[in-house]
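In case you want the letters, here they are:
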Amino acid sequence: ITLEKRLFKRGACLECPQNVRRYLRLKLARETREVFSAIFLDSRHRVIAYEPLFYGTIESVKVHPRQVIQLALKHNSAAVIAAHNHPSGDTAPSESDEAITRKLKMILDHIEVRFLDHFIIGEGEPFSFAEAGLIPASDS
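Computed from a predicted model, the values in this text were never measured in an experiment. (Residues numbered from 1 in each chain as written. Predicted model: local features only at pLDDT ≥ 70, side-chain atom pairs only at ≥ 80, totals over all residues. Heavy atoms only, no water.)

Moving on to the sheet that holds strand E1 (residues 35-41). Pairing is mixed across the open sheet formed by five strands, whose spatial order is E2-E1-E3-E4-E5. Unpaired on one side and paired on the other, strand E2 (47-55) and strand E5 (127-128) mark the two borders of the sheet. The strands touched by helix H2 (residues 17-28) are E1, E2, strand E3 (79-85), strand E4 (114-121) and E5; relative to E4, the strand with the most contacts, the crossing angle is about 50°. Across the face of the sheet, helix H4 (residues 95-110) comes into contact with E1, E3 and E4 while running at roughly 160° to E4. (Pairing = 2+ DSSP bridges. Helix = DSSP H or I, 4+ residues; strand = E, 2+ residues; numbered from the N terminus. Contact = heavy atoms within 4.5 Å. Axes fitted to C-alpha atoms, helices over the stretch in contact; angles between N-to-C directions.)

Here we take up the layout of surface pockets. When its volume is computed, the largest pocket comes out at roughly 270 Å³. Residue lining of the largest pocket: 17 residues in total, with Glu34, Val61, Ser94, Ser96 and Asp97 positioned closest to the centre. Considering each element in turn, the lining of the largest pocket owes the most residues, three residues, to H4. Within the lining of the largest pocket, the residues separate by chemical class into six nonpolar, seven polar and four charged. (1 Å grid on protein atoms, 1.4 Å probe; cavity = no way out; pocket = protein on both sides within 12 Å on 5 of 7 lines; lining within 4 Å. Points joined across faces, edges and corners; volume = space filled by probe spheres on them. Nonpolar A, V, L, I, M, F, W, Y, C, P; charged D, E, K, R; others polar.)

Moving on, we come to helix H3 (residues 65-74). Pro65, Val68, Ile69, Leu71 and Ala72 are the residues of H3 that are buried. Taken end-on, H3 shows its buried residues confined to a sector of 165°, consistent with a single buried face. H3 presents Arg66, Leu73 and Lys74 as exposed residues on the side facing more than 90 degrees away from its buried surface. The elements touched by buried residues of H3 are E1, E2, E3 and H4. After H3 finishes, the residue Asn76 shows a positive phi value of roughly 55°. (Buried < 20%, exposed > 50% of the residue type's maximum accessible area, 1.4 Å probe, protein only. Arc of directions from axis to C-beta.)

Remember that the coordinates give geometry; whether it matters functionally is a separate question.
Structure (structure tokens):
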């Protein structure tokens with residue numbers, strides 16, 4: 001049985017941020033370089049797909065919003081949760097982490113896909129941009 005099927009039973013919704021944290025920690029914590037990934041969700045926040053999107057170095061990863069948008073449309077997603085790891089273990093967001101979060105939020109809003117959160121995985125508790133108030137509410 002896959003990790004996805006154990007954590008996200010068929011038809012199950014992502015109602016608990018703690019389940020998302022556990023899943024992302026299992027997927028990203030052991031990576032030795034930065035990996036930017038996304039969870040694509042339907043309108044009831046059921047998981048459609050998890051995709052590792054970009055691979056970087058030990059201290060950075062280049063994110064191309066166009067590819068995130070393409071996959072959101074390909075999966076017919078209603079919502080997206082982004083995540084990446086910090087191999088250093090420090091989950092504090094960098095300026096570039098904050099900038100890409102704002103950019104993804106703005107672009108996804110334009111195609112009517114909700115950007116729910118962006119997690120940074122490292123040692124200890126994963127950092128949530130939504131819980132830190134760093135993802136602004138939609139204008140709609």
